[in-house]
Amino acid sequence: MAPIYPVSLKLEGEPCLVIGGGRVAERKVRSLLAAGARVRVISPDLTPWLAGEALRGTIEHYPRPYRDGDVEGHFLVISAANDPEVNAGVARECGSRRVLLNAVDDPPHCSFFVPASIRRGDFTISVSTAGKSPLLARRVREELERLYGPVYGAFLEYLAARRAEIKAGEPDQGARQRRLEACLTQEVMAALRQGDLERAKELIDGC
């Protein structure tokens, strides 16, 4: 298999399909909803949480097994039915319709993989093993969670505002790039590692 192409998708308002109604499907639905997707679930049964979301109208539920044609009109599909035959059928349909597919625990049928990620606001770190070992990806993610705390998300927002100020006030591209690079010194990074947000802000104010 060729190396995967890492990418972060914007899913706000996009129609996404989850096939399956168990705990794995629930986890996938939670992440899709957090990204602003419009989610449809096809499964005879649902976890209590998914059933509650269906009653509230947060998700659209079709209480039946997957059947050919269900993929049409969706931006991406996640097959979490724990059935190789279902995954194979969904993969054929997604392939013919050029729809992105993640088949849980079935890498050969995937056109994309969902990495193990940590999120600190808009600051995101993702770890992927191309489906070969989700457990290894999770273990690395757990280590990263200890290294990169909530301070990074708050700092990113402050840094973005400072970046906008520099871009607006410095017309020369080369000079602008040097100033931006000067904002992220080793001293700033050390302050972030120590969780000292105010010190990190103070340092980039002078760049």
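None of the values given here were measured: they were computed from a predicted structure.

A. Broad picture of the overall build of the protein chain. Secondary structure assignment for the protein chain yields eight helices and seven strands. Its C-alpha atoms give the protein chain principal-axis dimensions of roughly 60 × 35 × 35 Å. Out of the 207 residues belonging to the protein chain, those deemed buried represent 38%. For the protein chain, restricting intrachain contacts to residue pairs at least 6 apart in sequence, the fraction spanning at least 24 positions comes to 49%. One way to put it: in the protein chain the 29 positive side-chain charges average out to a point 1 Å from where the 28 negative ones average out.

B. How the structure looks around the sheet that holds strand β3 (residues 60–62). Taken together, the five strands give an open sheet; going across it, the order is β3-β2-β1-β4-β5, and neighbouring strands pair in parallel fashion. In this open sheet, the two strands that pair with only one neighbour each are β3 and β5 (100–103). Averaged over all pairs of adjacent strands, the angle between strand axes in this sheet comes to 15°, irrespective of strand direction. Both strand β1 (residues 15–19) and strand β4 (residues 76–79) contribute to a ladder of four bridges, which runs parallel. Bridge pairing in β4 links L17 to V77. Set on the sheet, helix α3 (residues 84–97) makes contact with β1, β4 and β5; between it and β4 the angle comes to about 170°.

C. Structural view of the layout of surface pockets. Each pocket or cavity is described by its volume, and for the largest pocket that value is around 1900 Å³. Contributing to the lining of the largest pocket are 49 residues, with F113, V114, P115, A116 and S117 lying nearest its centre. Every element with two or more residues in the lining of the largest pocket is listed here: α1 (23–34), β4, β5, β6 (116–120), β7 (123–127) and α4 (134–147). Here the lining of the largest pocket gets six residues from one element, more than from any other, and that element is α1. Each residue belonging to the lining of the largest pocket can be placed in one class, and the counts come to 28 nonpolar, 12 polar and nine charged. By volume, the second largest pocket amounts to about 160 Å³. Lining the second largest pocket, in full, are A91, C94, G95, R98, V99, L101, H109, C110 and S111. Per-element accounting of the lining of the second largest pocket gives the leading share, three residues, to α3. Of the residues in the lining of the second largest pocket, the class split is five nonpolar, three polar and one charged.

D. Structural detail: α1. The first and last C-alpha atoms of α1 sit 17 Å apart over 12 residues, in line with the 16 Å expected at 1.5 Å per residue. Of all the residues in α1, the buried ones are A25, E26, K28, V29 and L32. Viewed end-on, α1 has its buried residues packed into an arc of 165°, placing them on one side of the element. Set apart from the buried face of α1 by more than 90 degrees, the exposed residues are R23, R27 and A34. The inward-facing, buried residues of α1 abut β1, β2 (38–42), α2 (48–56), β4 and β5.

E. Inspection of the state of the cysteines at higher detail. Tallied over the entire structure, the rule returns one disulfide. In this model C183 forms its disulfide with C207; the gap between the sulfur atoms is 2.0 Å. Taking the sign of the S-S torsion, about 50° here, the bridge from C183 to C207 comes out right-handed. With C183 in helix α6 (residues 173–183) and C207 in the segment after α8 (197–205), this pair connects stretches of sequence that are 24 residues apart. The exposure class assigned to C207 is buried, which follows from its relative accessible area of 15%. Sulfur of C16: no disulfide; nearest cysteine sulfur belongs to C94 and is 11 Å away. Look at C16 and you get buried, because its relative accessible area is 0%. Of all cysteine sulfurs in the structure, the one in C110 sits closest to C94, which takes part in no disulfide; the separation is 10 Å. Overall, the relative accessible area of 2% leaves C94 in the buried class.

Definitions and limits used
Starting from 1, residues in each chain are numbered consecutively following that chain's sequence as written. Totals for whole chains, interfaces and linings use all residues, but because this is a predicted model, local features are given only for residues with pLDDT of at least 70 and pairs of side-chain atoms are given and counted only at 80 or more. Heavy atoms throughout the structure, all of them, feed into the side-chain values; hydrogens and water do not. Comment: elements are numbered from the N terminus, with helices defined as DSSP H or I runs of at least four residues and strands as E runs of at least two. Exposure categories follow from relative accessible area, calculated using a 1.4 Å probe and restricted to protein chains: below 20% of the type maximum is buried, above 50% is exposed, and the middle band is partly exposed. Two residues form a contact once any of their heavy atoms are found within 4.5 Å. Positive residues here are Lys and Arg, negative ones are Asp and Glu, while His and the chain termini are left out of the count. Every charge is mapped onto a representative atom, which is NZ of Lys, CZ of Arg, CG of Asp or CD of Glu. Whether two strands pair depends on DSSP finding at least two bridges between them. Axis geometry follows a simple rule: fit a line to the C-alpha atoms, using only the stretch in contact for helices, then measure angles between N-to-C directions, giving values from 0 to 180 degrees. A 1.4 Å probe that fits into a set of points on a 1 Å grid over the protein atoms alone but cannot get out defines a cavity; an open set with protein on both sides within 12 Å along at least five of seven lines defines a pocket, and lining residues are those with an atom within 4 Å of a point. Grid points are joined across faces, edges and corners, and a volume is the space filled by probe spheres set on the points. Residues are grouped as follows: Ala, Val, Leu, Ile, Met, Phe, Trp, Tyr, Cys and Pro are nonpolar; Asp, Glu, Lys and Arg are charged; every other residue, Gly included, is polar. To estimate the expected span of a helix, count its residues, drop one, and scale the result by 1.5 Å. Picture the helix axis, draw a direction to every C-beta atom, and the arc is the one those directions span. Here, two cysteine sulfur atoms that lie within 2.5 Å of each other are counted as a disulfide.

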